[in-house]
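In case you want the letters, here they are:
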Amino acid sequence: MSTREGNLEAPTRHPLDWKNPEFYDEGKCLHELERIFDICHGCRRCVSLCHSFPTLFDLVDESKTGEVDGVAKADYWKVVDQCYLCDLCYMTKCPYVPPHPWNLDFPHTMLRAKAIKFKKGEVKAGERFLASTDVHGQFAGIPVVVQTVNAVNKTGLARRLMDKALGVHPEAWMPELAGQRFRWGAKSAGATTVVTNGERTPGKVAIFATCYVNYNEPGIGHDLIKLLEHNEIPYVIVEKESCCGMPKLELGDLESVARHKEANMPVLARYAKEGYAILSAIPSCTLMFKQELPLMFPDCADTQAVMAAMFDPFEYLIARHKDGLLKLDFKTALGRVSYHIPCHGRVQKIGKKTEEMFKLIGASVEVKLNTVERCSGHAGTYGVKTLYHPIAMKIGKPVFKAMARDEPDYISSDCALAGHHIAQGMAQSGTPAKNLQHPLSLMRLAYGLS
């Protein structure tokens, strides 16, 4: 085995061999976990990223041998349960990822272990329900139901019941259901019809709404539409869609991920083949189509076509600017903005595109930008679960403090869930945010659009 320390090459990712029966062999998985844990124990570079690594290192340090061989295999699951697949260790920290000979892929090994746990029936019903975003989102847009559910969910009794039945922490922020779904309130296509392709960008856009934008915060989607219309970019709302599958992936429910993929790919691939850029305003959903599904289905031509056509909104808009096709007629100052880069945005390998946009806006109107590049701790459903919410708040403390610097007029994150988590953490720290707005909403404000 090579003893070379670190890696000078860019990280590469091997396909996820999830259809191989050996993938679900618990003994072989535990053997691989032991190999990886031993490397991590000797390095400890990722100790500050999430709670998986402190959990692992505490287990090692408290064992009789002080090494990984002294940790009981049953305790490996404590490490697995703390991983929320943010991918930061792989993409930003670990010196031993492929093509290094040690071939260390911590998050996908955690995913393998989660898949084994799910297949054994050890994932609770409450966790499975929380991950079914397209199921409980179906209540959105039904006026009486929405008002009742939103009101009841704010009561102490309801939160105690949710704690008992679903494992949702009574103090964790939970999204409200929207009074009108995005797909019901948005025009299926924009008024602009002239397609102007750029060197880097297709001149027309298909919007993948996502469960969160459709059922919880449709305003994010409407603001994206306003930006496209202002820049005379033709758009369509994707004809039909299913959940991207990320919440199921985090549980290790790979069969459900595959079912969502089978529902989405034929539809999205048609837009990709017709020359559309596909935009998703939730970083986790974008990452699912850019990375996880292509690694799960490396031989699926439709999946690879969608991967090539999928854009983060600001990745697309900045590329549009570089093509000389973005309007810069910003009118309204934003003042002091604390902006958080979410983990699933950082690992897309696109750079800091939203930060670039804020700086571009700042060339025309006042923007005093404070960028915070660290995990907020929310991590999908992890941050709302009874077992993990206090840990999520602890992980987020440095972010809450950094976001409060200079008393910002706005706080913002590409991940709407992280944004609300940060706002809650700032309030608990005694530095409540004046205003929480999605970056797309702030760009719309800067243009002076109503």
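Our subject is the structure that appears above.
Please read these numbers as outputs of a predicted model, since none were measured by experiment.

## Regarding the sheet that holds strand β6 (residues 367-372)
Pairing in this open sheet of 3 strands is parallel, and the strands run β6-β5-β7 from one edge to the other. Of all the strands in the sheet, just β6 and β7 (410-413) have a single pairing partner and so form its edges. For this sheet, the mean inter-axis angle between neighbouring strands, taken without regard to orientation, is 25 degrees. As judged from the 4 bridges shared by strand β5 (residues 335-340) and β7, these two strands associate in the parallel manner.

## Some words on the packing of aromatic side chains
One pass over the full model with this rule turns up 14 aromatic pairs. Their ring planes at 75 degrees and their centres at 5.1 Å tell us that Phe23 and Tyr24 sit as a pair that is edge-to-face. Since its relative accessible area comes to 7%, Phe23 is described here as buried. The interplanar angle of 0 degrees and the centroid separation of 4.8 Å between the aromatic rings of Tyr382 and Tyr388 together place this pair among those described as stacked.

## Some thoughts on empty space enclosed by the protein
Overall, the coordinates contain 5 cavities of 30 Å³ or more when judged by the stated rule. The computed volume of the largest cavity comes to approximately 110 Å³. The wall of the largest cavity is formed by 15 residues, among which Cys40, Cys43, Cys46, Phe53 and Cys94 lie closest to the centre. Only α1 (26-43), α2 (52-61) and α4 (88-93) provide two or more residues apiece to the lining of the largest cavity. In terms of residue count, the dominant contributor to the lining of the largest cavity is α1 (3 residues). Within the lining of the largest cavity, the residues separate by chemical class into 12 nonpolar, no polar and 3 charged. Approximately 80 Å³ is the volume attributed to the second largest cavity. In terms of lining residues, the second largest cavity is bounded by Pro283, Asp312, Tyr339, Ile341, Gly345, Ile350, Gly351, Lys352, Lys353, Thr354 and Asp414. Considered class by class, the residues forming the lining of the second largest cavity number 4 nonpolar, 3 polar and 4 charged.

Procedures and definitions
Residues numbered from 1 in each chain as written. Predicted model: local features only at pLDDT ≥ 70, side-chain atom pairs only at ≥ 80, totals over all residues. Heavy atoms only, no water. Pairing = 2+ DSSP bridges. Helix = DSSP H or I, 4+ residues; strand = E, 2+ residues; numbered from the N terminus. Axes fitted to C-alpha atoms, helices over the stretch in contact; angles between N-to-C directions. Phe/Tyr/Trp six-rings, centres within 6.5 Å; stacked < 30°, edge-to-face > 60°. Buried < 20%, exposed > 50% of the residue type's maximum accessible area, 1.4 Å probe, protein only. 1 Å grid on protein atoms, 1.4 Å probe; cavity = no way out; pocket = protein on both sides within 12 Å on 5 of 7 lines; lining within 4 Å. Points joined across faces, edges and corners; volume = space filled by probe spheres on them. Nonpolar A, V, L, I, M, F, W, Y, C, P; charged D, E, K, R; others polar.

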